[in-house]
Amino acid sequence: MYEIHVVRKDNRHLYERYFDPYFRLRHDIYVKQRKWMALDRPGGREMDQFDTEDAVYLFCIDNGQLIGAMRALPTLLPTLMSDIFPYLNIREPIRRPDVYELSRIFVIPERRGEHAGPRVEMLLLTAIMEYGISIGLTGFSIVLESWWLPRFERCGWKAHPLGLPREMDGMSVLAVLVDCDHTTWKSLCGQIGFTRPTLSWHGLGGITRRALPDISTLLPPTAQPAR
Ligand code: COA
């Protein structure tokens, strides 16, 4: 069974071997497959100015292979929303210790839409909320394509638009603020049939973590995991 690992500056040395494949996968997925040519960089690795030591990554690892990932950035520092797409947020700029910005969620093509167990993408959505609760976050800001909204609605993520969608390179893109709360996390765990936390905190024993709500009594869903 694959695991989702929190990787941040404190334990990055334990995951160094995954970073080259990680940035290469980002290049394959965003530049080659999705054709987001603005992200093209020499060397076939997609990295940007936000891949600093303050970025937090969730790596989904299966038998030593990286099969999915997501990035979280503190909004007290520069983010995509503050520096690249500020016009998408018509409200107050978000610079809050309790809000992180999410970006670069992906699952490798051969592991998308799985039916044999919880989808990797659902695991990542569950895991990032677990991370947020654990470090005391109340929300996630995201610049996203509008096709995410019905997906969020289906899985129970509460996304509040911060402005109207705008057309960009043929995509409809908007800024949202998503609630990070116990209720959503418990609901996600129920949907994927988990009665234990999803995250591995390998090498992060020194981090103070808040208690998670009890999910040991959640019954596995009678229906199929959310798709
Ligand atoms: N445009 C519109 N809808 C999309 C989409 C896109 N580029 N990518 C996924 N979807 C929606 C569709 O509704 C799709 O349903 P379909 O099979 O009927 O087309 C549904 O998501 C399922 O997507 P799928 O890719 O089969 O599986 P998944 O749910 O396991 O993974 C992602 C979803 C987004 C994680 C995966 O598609 C991925 O890694 N994509 C590339 C990276 C990316 O674009 N990330 C988002 C921006 S950072």
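Located above this text is the structure these notes cover.
Chemist: Sorry if this is basic, but what is going on with the overall build of the chain here?
Modeler: Looking only at helices and strands, one finds 5 helices and 9 strands in the chain. Each helix (α) and strand (β) of the chain, taken in turn from the N terminus, gives the series β-α-β-β-α-β-α-β-α-β-β-β-α-β. Against the 2.2 N^0.38 benchmark of 17 Å for 227 residues, the chain shows a C-alpha radius of gyration of 17 Å, consistent with a compact globule. Taken along the three principal axes of its C-alpha coordinates, the chain extends 45 × 40 × 35 Å. Taking as baseline every contact in the chain between residues at least 6 positions apart, the subset at least 24 positions apart corresponds to 72%. Taken as a whole, the chain presents about 11100 Å² of accessible surface, with 54% of it coming from carbon and sulfur. Averaging the locations of the 28 positively and 27 negatively charged side chains of the chain gives two centres separated by 2 Å.

Chemist: What's the story with the pairing of strand 5 (residues 139-145) in this structure? I'm lost.
Modeler: The two faces of the sheet receive side chains in turn, since in a regular strand these alternate between them. Among the 7 residues in strand 5, 6 count as buried, and that is most of the element. Pairing between strand 4 (residues 99-107) and strand 5: 4 bridges, direction parallel. The residue of strand 5 that forms the bridge with glutamate 101 is serine 141. Where the polypeptide runs from strand 4 across helix 3 (residues 120-134) and back to strand 5, its parallel neighbour, the crossover connection is right-handed. With 7 bridges connecting them, strand 5 and strand 8 (residues 171-179) associate as antiparallel partners. Bridging from a neighbouring strand, glycine 139 pairs with aspartate 179 of strand 8.

Chemist: Which parts of the structure should I look at to understand the environment of proline 118?
Modeler: Along the chain, proline 118 falls in the loop between strand 4 and helix 3. With 64 residues separating them in the primary sequence, proline 118 and histidine 182 have C-alpha atoms 20 Å apart.

Chemist: What is the right way to look at the packing of aromatic side chains in this model?
Modeler: Aromatic ring pairs are described here by two measures, namely the spacing of the ring centres and the angle between the planes. Counting across every chain of the model gives 19 aromatic pairs. It is arginine 104 that lies over the ring of tyrosine 30; its NZ or CZ is 5.5 Å from the centre. Its guanidinium or amino end placed over the ring of tryptophan 148, arginine 151 lies 5.1 Å from that ring's centre, counting from NZ or CZ.

The rules behind the values
- Residues numbered from 1 in each chain as written.
- Predicted model: local features only at pLDDT ≥ 70, side-chain atom pairs only at ≥ 80, totals over all residues.
- Heavy atoms only, no water.
- Helix = DSSP H or I, 4+ residues; strand = E, 2+ residues; numbered from the N terminus.
- Rg over C-alpha atoms; globule rule 2.2 N^0.38 Å.
- Contact = heavy atoms within 4.5 Å.
- Areas by Shrake-Rupley, 256 points an atom, 1.4 Å probe, with all protein chains shown as cover.
- Lys, Arg positive; Asp, Glu negative; His and termini not counted.
- Charge placed at Lys NZ, Arg CZ, Asp CG, Glu CD.
- Buried < 20%, exposed > 50% of the residue type's maximum accessible area, 1.4 Å probe, protein only.
- Pairing = 2+ DSSP bridges.
- Right-handed = clockwise from strand over helix to strand, strands pointing away.
- Phe/Tyr/Trp six-rings, centres within 6.5 Å; stacked < 30°, edge-to-face > 60°.
- Lys NZ or Arg CZ within 6 Å of the ring centre and 35° of its normal.

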